[in-house]
Amino acid sequence: MALVVIVGPPGSGKTTIGRALAAALDAPFRDVDADIADAAGKPIPDIFVDEGEEHFRALEREAVRRAVAEHDGVLALGGGAVLAESTRKLLADLTVVHLRVDLGEAVKRTEIDKGRPLLQVNPRATLRRLMDERLPLYREVETIAIDTTGRDVDDLTAEIKARLATRTVEVRDAETPYPVLIGRGTTDRLPEFLGKASRVAVLHTASTAPLAERVGALCPDDVEATLMELPDAEAGKTVGVAEQVWEALGAEGFTRTDLVVGVGGGAVTDLAGFAAACWLRGVAVVHVPTSLLGAVDAAVGGKTGVNTAAGKNLVGAFHPPRAVLVDLDHFTTLPKRDLAAGLAEVVKAGFIADPVILTLLEADPEAALDASSPVVAELVERAIAVKAEVVGSDLKEGGRRAILNYGHTFAHAIEKLEHYRWRHGDAVAVGMVYAAHLNAITGRVDLVDRTKQVLESIGLPTTYDAGRWDDILKVMKIDKKNVGATQRFVLLDALAKPVVVDDVTVEQQREAYEMLTA
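Quick caveat, the model's predicted, so the values are computed rather than measured.

S.K.: Whenever I open this one, a nonpolar patch on the surface confuses me. Can you help?
M.R.: A surface patch of nonpolar side chains, amounting to about 290 Å² of accessible area, comprises Val-239, Leu-314, Val-315 and Ile-478. Take Leu-314: it is sitting in strand S13 (residues 311–318).

Right, here's the structure in full:
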């Protein structure tokens, strides 16, 4: 396993928790202080008495360097190890767990252990000074911070283990970067992102009401949580529903420092983001997607919107969230059909940017439909990383972001003609097959067979009804990517080499449609 380093002040439990964590991870444990004592042939207090602190710190720097180079497992450092700049540099690319503890409990714990040379005189005042001096250094190196005050070892070990399995993708868009946390139990991290909110509105549907209640209960006592139920699926993505949310926010006295949380699939995510973007011209929103589609598509990128009679998502705003909590545990209860629909957006990311996604799907399509499998976790992370990279360079669709619409021109036409009764992922799957035909027809790359095989292996549709061309064309002509009367399509010059083109003729479009219906 990768090295996990434990740091923190005296009394935070580095050795005790480090041993328990190593056992939970079935990994070896190593303690740098023990290494120093073994190498010196004497206890650490004797080193301080005989040679002084400066000599001890030199031994410590070398012991840390050696342990980092040699050890794979859990490594506990002494409380002052982070004082050395060379040590902090060694830790820069490692997973570092910072154990925090309040002063009172730290004093109680260190009183039991008399072998701490720096705490022999006036331990409370000395410990306060050490904690204050070192806290910025712990924060500098930390990957994960855990407060150990008043908590038992088993509880702490379980949380750290879960946090270690969490992967974070940072979306560095044109305005405010935000984290996307991917793992199991990430919903419980909501309190970290409340900011200065005194009120939280939790938007959800009937099907996600139990989870919404749990999310509301995560808020501390001084934060008032209000649950707001929305109509299910696309029926909840209307201006009328958004207006009802705004009226409720007004009735609850929501201010600019308060927070909206969207708990649900892509439709809830879109509506929650749109409502937050417009209320008081913008309040913070955190997304807790409960569907695979919502996690890899709607929740990341800051695009929000509602549907109108004119089309899907034609009314909206760009409003990046404060954070996205992708909790893989929520996907384990999804029907395979819904998982497959979410995978359509993952497949899209494979074709436009990360072919490893396609390789993973082709190698084991059944694993991709098992939400508990590590394959799903990797697919989700890769798809989100693709979207994060694209939107980070183009928040407001000035150019490159359009590549995320691969397959979507035809997909949105299907959705409108089918009155949004089709799953979005199903429509995107058919849209990608249509785009693949256009790639081949326009002399680019022929990925038709591979596209169909990947999609069919996970149970997604690859054809559409004949006899609807005139209606399809009419809808595609009002696609958001178009410029005036000029139609634009996202196509592929080669695998993972997308391009936005405006020279696809109506005859070529119709030919691709006819091949799609054959």
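S.K.: So what exactly am I meant to see when it comes to the environment of Ala-24 here?
M.R.: With respect to the helices and strands, Ala-24 occurs in helix H1 (residues 14–24). Those residues in contact with Ala-24 that sit more than four places away from it in its chain are Thr-157 and Lys-161.

S.K.: Could you clarify how one ought to interpret the pattern of salt bridges in this entry?
M.R.: Side chains carrying opposite charge are able to pair once their charged atoms draw close together. Overall, the coordinates contain 35 salt bridges when judged by the stated rule. Here Glu-140 and Arg-88 are joined by a salt bridge, their closest N and O atoms 3.4 Å apart. Here Glu-140 is found in helix H7 (residues 123–141), whereas its partner Arg-88 is found in helix H5 (residues 85–91), with 52 residues between them in sequence. Given the relative accessible area of 15%, Arg-88 is considered buried. What you see here is one network of salt bridges that share partners, running through Arg-151, Asp-155, Glu-159, Arg-163, Arg-189 and Glu-192.

S.K.: Looking at this structure, how should I read the nonpolar core?
M.R.: It is characteristic of soluble globular proteins that their nonpolar side chains tend to be buried jointly. Of all hydrophobic cores here, the largest spans 81 residues; its most connected members are Val-180, Val-326, Phe-410 and Tyr-434. Counting residues per element, this core draws most heavily on helix H16 (residues 374–393), at 11 residues. Each residue touching Tyr-434, except ones within four places of it in the same chain, is listed here: Phe-410, Trp-469, Met-476, Phe-489, Gln-509, Ala-512, Tyr-513 and Leu-516. Ile-36, Ile-44, Phe-56 and Val-96 belong to the second-largest nonpolar core, a separate cluster that totals 22 residues.

S.K.: Looking at this structure, I do not really get helix H8 (residues 153–164). What am I missing?
M.R.: Structural remark: α-helix, 3.6 residues per turn; residues separated by three or four positions point the same way. Given a rise of 1.5 Å per residue, 12 residues ought to cover 16 Å, and the 16 Å separating the end C-alpha atoms of H8 matches this to within 8%. Residues of H8 that are buried: Leu-156, Thr-157, Ile-160 and Arg-163. For H8, the angular spread of the buried residues around the axis is 130°, confining them to a single face. Where the residues of H8 are buried, they touch H1, strand S4 (95–100) and strand S5 (144–147). Taking the backbone nitrogen of Asp-154 as reference, a side-chain oxygen 3.3 Å away marks Asp-152 as the first, capping residue of H8.

S.K.: Could you clarify how one ought to interpret the packing of aromatic side chains in this entry?
M.R.: Any aromatic ring pair is given by two values, namely how distant the centres are and how the planes are angled relative to each other. This structure, assessed with the given rule, holds 7 aromatic pairs. Between Phe-410 and Tyr-513 the ring centres are 6.4 Å apart and the planes differ by 40°, which places this aromatic pair in the tilted class. Here the residue Phe-410 occupies a position in helix H17 (residues 408–417), and Tyr-513 occupies one in helix H21 (residues 506–517), the gap between them amounting to 103 residues. One exposure class covers both Phe-410 and Tyr-513, and it is buried. Put simply, the rings of Phe-410, Trp-422, Tyr-434, Tyr-464, Trp-469 and Tyr-513 touch in pairs and so form one group of aromatic residues.

The rules behind each value
Residues numbered from 1 in each chain as written. Predicted model: local features only at pLDDT ≥ 70, side-chain atom pairs only at ≥ 80, totals over all residues. Heavy atoms only, no water. Patch = residues over 30% accessible without salt bridge, like charges linked within 9 Å, V, L, I, M, F, W, Y side chains within 5 Å. Areas by Shrake-Rupley, 256 points an atom, 1.4 Å probe, with all protein chains shown as cover. Salt bridge = Lys/Arg side-chain N within 4 Å of Asp/Glu carboxyl O. Helix = DSSP H or I, 4+ residues; strand = E, 2+ residues; numbered from the N terminus. Contact = heavy atoms within 4.5 Å. Buried < 20%, exposed > 50% of the residue type's maximum accessible area, 1.4 Å probe, protein only. Core = buried A, V, L, I, M, F, W, Y, C linked by side-chain atoms within 4.5 Å. Expected span 1.5 Å × (residues − 1). Arc of directions from axis to C-beta. Polar contact = N/O pair within 3.5 Å; in protein donor to acceptor, adjacent residues only side chain to side chain. Phe/Tyr/Trp six-rings, centres within 6.5 Å; stacked < 30°, edge-to-face > 60°.

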